[in-house]
Amino acid sequence: MTATLLQTRELTKQFAKNDVATVALRDFTLSIEEGSFVTVLGRSGCGKSTLLNLLAGLTQPSKGEVRYRDRVLTGPDTEIGYLTQSDTLMPWRDVLRNVEMPLEIRGTPARERRAVATELIGRVGLTGFEHHYPRELSGGMRRRTSLARLLAGNPSTLLMDEPFGALDAQLRAELQADLLRLWHEGGQTVVFVTHDIEEALLLGDRVVVLGKIGAILLDRPIELARPRNADTLRVDPEFVALHTELAAALQEGAR
Ligand SMILES: Nc1ncnc2c1ncn2[C@@H]1O[C@H](COP(=O)(O)OP(=O)(O)OP(=O)(O)O)[C@@H](O)[C@H]1O
């Protein structure tokens, strides 16, 4: 039996700016099982990034709580890794030293952190680029470096906010495949935010569709066989039916 790892209870987040209040998320309740790959699908502005920031412990809820391994999350946790939409690589550090960062923070001895970082750089396909700086890399290579840095912290949970959104279709497909392989090898729990239906179906064990202020419009297990190949899936009747169902839910949420 799988255990619940991450749980939100009536999570609400309200922002105030110039005396105007915006509710980004209201009474959001969700349980995520350990080792699962959950994709969160929703249109722009529905509260996806707000949700991930709360799950990462980076912001505190206005109401409700996030529980991680059955304790209330009150701040960032080294077990929870977060890959944001934008690049947060240190421009003055080369690939190797960027990937070493989480290990450095933890006080891992230099020799060991070099070995771990070098291995991870290999796993994301960047061997040979250890001494390149972020400005000398393509967008896809920067994302791979960010992924390696995320894994260097050895988190058991990966929160990913549209991590491949800005990449061309081919690169995106490559990184999706890399991520699935790394997840398969590592067994982490993944919460992956996207606004792309195909991406949600290609990656997830379960798709949660959000409407306005984080209302759950649909929470659907995805039983498509793995490994999933985008080209063959597109003509798979089960995939087509799921795509139609998710598109309808998204449309409903826009009303
Ligand atoms: N720091 C903030 N201050 C004020 N309002 C905010 C803040 N962060 C988010 N919001 C508001 O909360 C709502 C949800 O924003 P959020 O970034 O979570 O949406 P999203 O679904 O991630 O959007 P996108 O897909 O475009 O990234 C929006 O109306 C946004 O303007």
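Predicted model only: the values in this text are computed from it and were never measured.

Student: Is there a simple way to explain the pairing of strand β8 (residues 189–194) in this structure?
Tutor: Strand residues, when the strand is regular, have side chains that alternate between the two faces of the sheet. Counting buried residues along β8, 6 of its 6 residues qualify, which places the element largely inside the surrounding structure. Across 5 bridges, strand β3 (residues 37–42) lies against β8 in parallel orientation. Paired with Val-38 across the strands is Val-191, a residue of β8. Crossover strand β7 (residues 157–161) to β8 through helix α5 (residues 169–186) is right-handed.

Student: Mind showing me how you'd approach the sheet that holds strand β2 (residues 20–33) here?
Tutor: Adjacent strands of a sheet pair through backbone hydrogen bonds, lying either parallel or antiparallel. Taken together, the 4 strands give an open sheet; going across it, the order is β2-β1-β4-β5, and neighbouring strands pair in antiparallel fashion. Edge positions in the sheet fall to β2 and β5 (71–72), since each of these pairs with one other strand and no more. As paired elements, strand β1 (residues 4–17) and β2 share 10 bridges and run antiparallel to each other. Bridge pairing in β2 links Gln-7 to Ser-31.

Student: Would you take a moment to explain helix α2 (residues 95–105) for this structure?
Tutor: Working note: α-helix, 3.6 residues per turn, so residues spaced by three or four point in the same direction. For α2, the full list of buried residues reads Val-95, Leu-96, Asn-98, Val-99, Glu-100, Pro-102 and Leu-103. A positive backbone phi angle near 80° is found at Gly-107, which sits one or two residues after α2.

Student: I tried to follow the sheet that holds β7 on my own but got confused; where do I start?
Tutor: The strand order across the open sheet built from 6 strands is β6-β7-β8-β3-β9-β10, with neighbouring strands paired in mixed fashion. Among the strands making up the open sheet, the edge pair consists of β6 (80–83) and β10 (216–221). With direction set aside, neighbouring strand axes in the sheet form an average angle of 15°. Pairing between β3 and strand β9 (residues 206–210): 5 bridges, direction parallel. Among the inter-strand pairings, Val-38 is bridged to a residue of β9, identified as Arg-206.

Student: It is not clear to me how the site of the ligand should be interpreted in this structure. Could you clarify?
Tutor: Around the ligand lies a shell of 13 residues, among which Phe-15, Ala-24, Ser-44, Ser-49 and Thr-50 are the nearest. For the shell around the ligand, the secondary-structure elements that each account for two or more residues are β1, β2 and α1 (48–55). Looking at the shell around the ligand residue by residue, the classes come out as 3 nonpolar, 8 polar and 2 charged.

Student: Would you explain the UniProt feature "domain: ABC transporter" (unreviewed entry) in the chain in this entry?
Tutor: Within this numbering scheme, the UniProt entry marks residues 6–237 as carrying the feature "domain: ABC transporter" (unreviewed entry). As annotated, residues 6–237 comprises 33% helix and 28% strand, and the C-alpha atoms at either end are separated by 33 Å.

Student: How should the packing of α2 against helix α3 (residues 110–123) be read in this particular structure?
Tutor: Packing of α2 against α3 brings their axes to within 9 Å, and their N-to-C directions diverge by 125°. Relative to α3, the element α2 is oriented oblique. Both α2 and α3 take part in a crossing whose hand is right-handed. Residues Val-95, Leu-96, Val-99, Glu-100, Leu-103 and Glu-104 of α2 pack against Arg-113, Arg-114, Val-116, Ala-117, Leu-120 and Ile-121 of α3. The class makeup of the residues in the contact of α2 with α3 is 8 nonpolar, no polar and 4 charged.

Rules behind the numbers
- Just so you know, the residues in each chain are numbered from 1, in the order the chain's sequence is written.
- Reporting in this predicted model follows two pLDDT cut-offs: at least 70 for local features of residues, and 80 or more for side-chain atom pairs to be given and counted; totals over whole chains, interfaces and linings ignore these cut-offs and use all residues.
- To sort residues by exposure, count the other C-beta atoms lying within 10 Å of each residue's C-beta; 20 or more gives buried, 12 or fewer gives exposed, and values between give partly exposed, all with C-beta atoms placed from the backbone.
- Strands here are runs of E lasting at least two residues and helices are runs of H or I lasting at least four, both read from the DSSP assignment and numbered beginning at the N terminus.
- One bridge is not enough; two strands pair if DSSP finds at least two bridges between them.
- Looking down the strands as they point away from you, a crossover is right-handed if its path from the first strand over the helix to the second goes clockwise.
- All axes here are fitted lines through C-alpha atoms, helices being fitted over the stretch that makes contact, and every angle between N-to-C directions spans 0 to 180 degrees.
- Using the backbone to place each C-beta atom, any residue with that atom within 6 Å of a molecule or strand is considered near it.
- Charged means Asp, Glu, Lys or Arg here, nonpolar means Ala, Val, Leu, Ile, Met, Phe, Trp, Tyr, Cys or Pro, and polar covers whatever is left, Gly included.
- UniProt positions are given in the numbering used here, feature names are shortened, and annotations may be inferred rather than shown by experiment.
- Orientation labels follow simple angle bins: below 35 degrees gives roughly parallel, above 145 gives roughly antiparallel, 65 to 115 gives roughly perpendicular, and whatever is left gives oblique.
- Crossing handedness follows the turn of the near helix against the far one: under a right angle anticlockwise gives a left-handed crossing, and clockwise gives a right-handed one.
- Contacts here follow a simple rule: the backbone-placed C-beta atoms of the two residues must lie within 7 Å.

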